[in-house]
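# Topology and contacts: notes
One letter stands for each residue in the lines below.
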Amino acid sequence: MLLTKRSLQRRIVLWTVLPLLALWLAAAAVIYFVSFHYLTDNNDATLARFQIELTKTLQQDVQQGNELTAGLIRQRTTQLLALSQPEHFHFAALIDHQQAINTPLQAFDSHPSAQAQQRLFDHSVQHHAYRVLHANIPPSGQHPGWQIEIAKSLDSQIDALHAFMLRIALPLIAILLLISILIWYGIKNSLKPLLTLKQMVETRQPQDLSPLVLPNAPEELEALSSALNQLLTSTEESMNRQRRFIADAAHQLRTPLAGLKSQTELAMRENSPEGLRERLNMVHTSATRSIHLVNQLLTLARSEPGSLNGIPKVKMDLARIIRDLTSELVPRALAARIDLGCDCLVNEAWIEGNSALLRELFINLVENAIKYIPRDGSVTVRLTETPTQYVVDVEDNGPGIPDADKQRVFERFFRREQTGNGCGLGMAIVKEIVERHDGTVELLDADPSGLIVQVVLPKNLINS
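One structure accompanies this document, and this report is about it. What you see is a predicted model; the values in this text were computed from it and never measured.

## Topic: the nonpolar core
In terms of nonpolar packing, the biggest core is built from 44 residues, with Leu318, Leu361, Leu365, Leu383, Val392, Leu443 and Val455 touching the most fellow members. Among the elements of the structure, helix 8 (318–335), strand 7 (339–344), helix 9 (355–372), strand 9 (378–385), strand 10 (389–396), helix 10 (426–436), strand 11 (440–445) and strand 12 (451–458) are those that each provide at least two residues to this core. Counting residues per element, this core draws most heavily on helix 9, which supplies 8 residues. Setting aside residues no more than four positions away along its own chain, valine 455 makes contact with Leu361, Leu365, Tyr390, Val391, Val392, Val434, Thr440 and Val441. The next biggest cluster of nonpolar side chains, apart from the first, holds 14 residues, and it includes Leu80, Trp146, Ile148 and Ile150.

Written out as structure tokens, the structure is:
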């Protein structure tokens, strides 16, 4: 929990400096162990050379007829040690069960050893470290075999190594501190644009949805500001849609509600039953138009961007939906003396979408066709497919729509004719629903006359 509360600047500094500190400690350990092994190898070579020279000297004494005794070994050893630093060397020798000892180490057994001819090892006596060479010289010719141990003190070398490491550590610590300060300063300056963005967001008024401008911002922060600007733009568009929807709803409901109020006032003044019935019929017509308008407005609100995210999509058969709703609308078409037919060239068309909105889409298209073509006309709902799309055509043989008005019919409350009970929202609803399903809608001319409303839905919505 403590780490999550730390600032981003402190996190970056820690995750930069801590690895540097770990690398520094690892490098110091490597330098120490490499130097220690170098000293060990150097001491081993010195002890080996000393043992070889001593062996040669003793062999010469034997060849010259000198008796090889512990005293002679001590004398030759002392002479050789005098050429180096005798205070750092100690020895112990054994010949014919006689010992010549000049060592703080525990003397070896007085019996001949069956160990290897030569071995090197570390030893410690009273907190003092030694490197020891133990050699077994087997009997040969005129001289008997002997054993010898030569020990070299490591205290001075270890002290020198520690002093060397301390001299290295102090500059490295200073460099690490300097690097940490530079890293902290660099990160602090690099995060200044982020603090600027924070201040811009904090001081901005809630109603101010204009884009954030960060001059000379780094690429990462520019991507963040771009994402924020996209969010602000989407929020502004959503708020504009809400304001426009409220204004449109208020404007469109004002007229039918005013008419409804007028009709009820006239009905209250009417004395004759026939006149009262006529006024009530007009009230019923106005109420029906108001209900239709409210339903259309609610459908339009549900189909707007952002609204569909809260509406679940399900797997559905588009062909079945088209066949069912066409059958449902046949009685209405017959009442208007319209020939309504369905031509599904695809048996099954599985897609993912919102069934309520898709039904509303095609009901609007068919009802518009029934409403605006002359009597004895015909309407055909046709479903076909391409390798990547499903295509639904709602074709009628009415008068059609001029090219100049084909785009305007998708605008809210646009009506080419002021007669009829339409409120100018049907095609706007169609367009919103199609776009929410990643499709397209287009108005085409039918042959020889009439209109084709073509809806194209992609097959990439399939979840088979």
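## Side note on the packing of helix 2 (residues 8–63) against helix 4 (residues 155–190)
Packing of helix 2 against helix 4 leaves a shortest axis separation of 10 Å and a crossing angle of 160 degrees. Relative to helix 4, helix 2 is oriented roughly antiparallel. Helix 2 and helix 4 meet at a crossing whose hand is right-handed. For the contact of helix 2 with helix 4, the residue count by class is 24 nonpolar, 7 polar and 1 charged.

## Things to note about helix 2
If you check helix 2, its first and last C-alpha atoms are 82 Å apart, about what 56 residues at 1.5 Å a residue would give, namely 82 Å. One or two positions beyond helix 2, positive phi appears at glycine 65, with a value near 90 degrees.

## Examining the sheet that holds strand 7
Taken in spatial order, the 5 strands line up as 7-9-10-12-11 in an open sheet, and their pairing is mixed. What marks the edges here is a single partner per strand, and that holds for strand 7 and strand 11. Taken over all neighbouring pairs, the strand axes of this sheet differ in orientation by 15 degrees on average, direction set aside. The pairing of strand 11 with strand 12 spans 6 bridges and is classified as antiparallel. Within strand 12, the residue paired with glutamate 442 across the bridge is glutamine 454. Packed on one face of the sheet, helix 9 meets strand 7, strand 9, strand 10 and strand 12 and runs near 170 degrees to strand 12. Most of the contacts of helix 10 go to strand 11, to which it runs at about 135 degrees, and overall it touches strand 11 and strand 12.

## Points about unusual backbone geometry
With an omega of 10 degrees, the peptide bond between aspartate 447 and proline 448 qualifies as cis. Unusually for a residue other than glycine, aspartate 376 sits at a positive phi of about 65 degrees. On the secondary structure map, aspartate 376 appears in the loop between helix 9 and strand 9. Its identity as a non-glycine residue notwithstanding, aspartate 438 has a phi of 60 degrees, on the positive side. Tracing the sequence through the fold places aspartate 438 in the loop between helix 10 and strand 11.

## Re the packing of aromatic side chains
A full pass over the atoms with the stated rule returns 2 aromatic pairs. Between tyrosine 32 and phenylalanine 33, the ring centres sit 5.6 Å apart and the planes meet at 85 degrees, which makes this aromatic pair edge-to-face. For phenylalanine 33, a relative accessible area of 49% puts it in the partly exposed group. Ring centres of tyrosine 32 and phenylalanine 36 lie 6.4 Å apart, and the angle between their planes is 15 degrees; this geometry places the pair in the stacked category. Remark: phenylalanine 36 and tyrosine 32 occur in helix 2; sequence separation between them is 4 residues, near one turn of the helix. In textbook terms, an aromatic cluster arises when at least three aromatic residues are bridged by ring pairs, as seen for Tyr32, Phe33 and Phe36.

Parameters at a glance
- Residues numbered from 1 in each chain as written.
- Predicted model: local features only at pLDDT ≥ 70, side-chain atom pairs only at ≥ 80, totals over all residues.
- Heavy atoms only, no water.
- Core = buried A, V, L, I, M, F, W, Y, C linked by side-chain atoms within 4.5 Å.
- Buried < 20%, exposed > 50% of the residue type's maximum accessible area, 1.4 Å probe, protein only.
- Helix = DSSP H or I, 4+ residues; strand = E, 2+ residues; numbered from the N terminus.
- Contact = heavy atoms within 4.5 Å.
- Axes fitted to C-alpha atoms, helices over the stretch in contact; angles between N-to-C directions.
- Parallel < 35°, antiparallel > 145°, perpendicular 65-115°, else oblique.
- Left-handed = near helix turned anticlockwise from the far one by under 90°.
- Nonpolar A, V, L, I, M, F, W, Y, C, P; charged D, E, K, R; others polar.
- Expected span 1.5 Å × (residues − 1).
- Pairing = 2+ DSSP bridges.
- Phe/Tyr/Trp six-rings, centres within 6.5 Å; stacked < 30°, edge-to-face > 60°.

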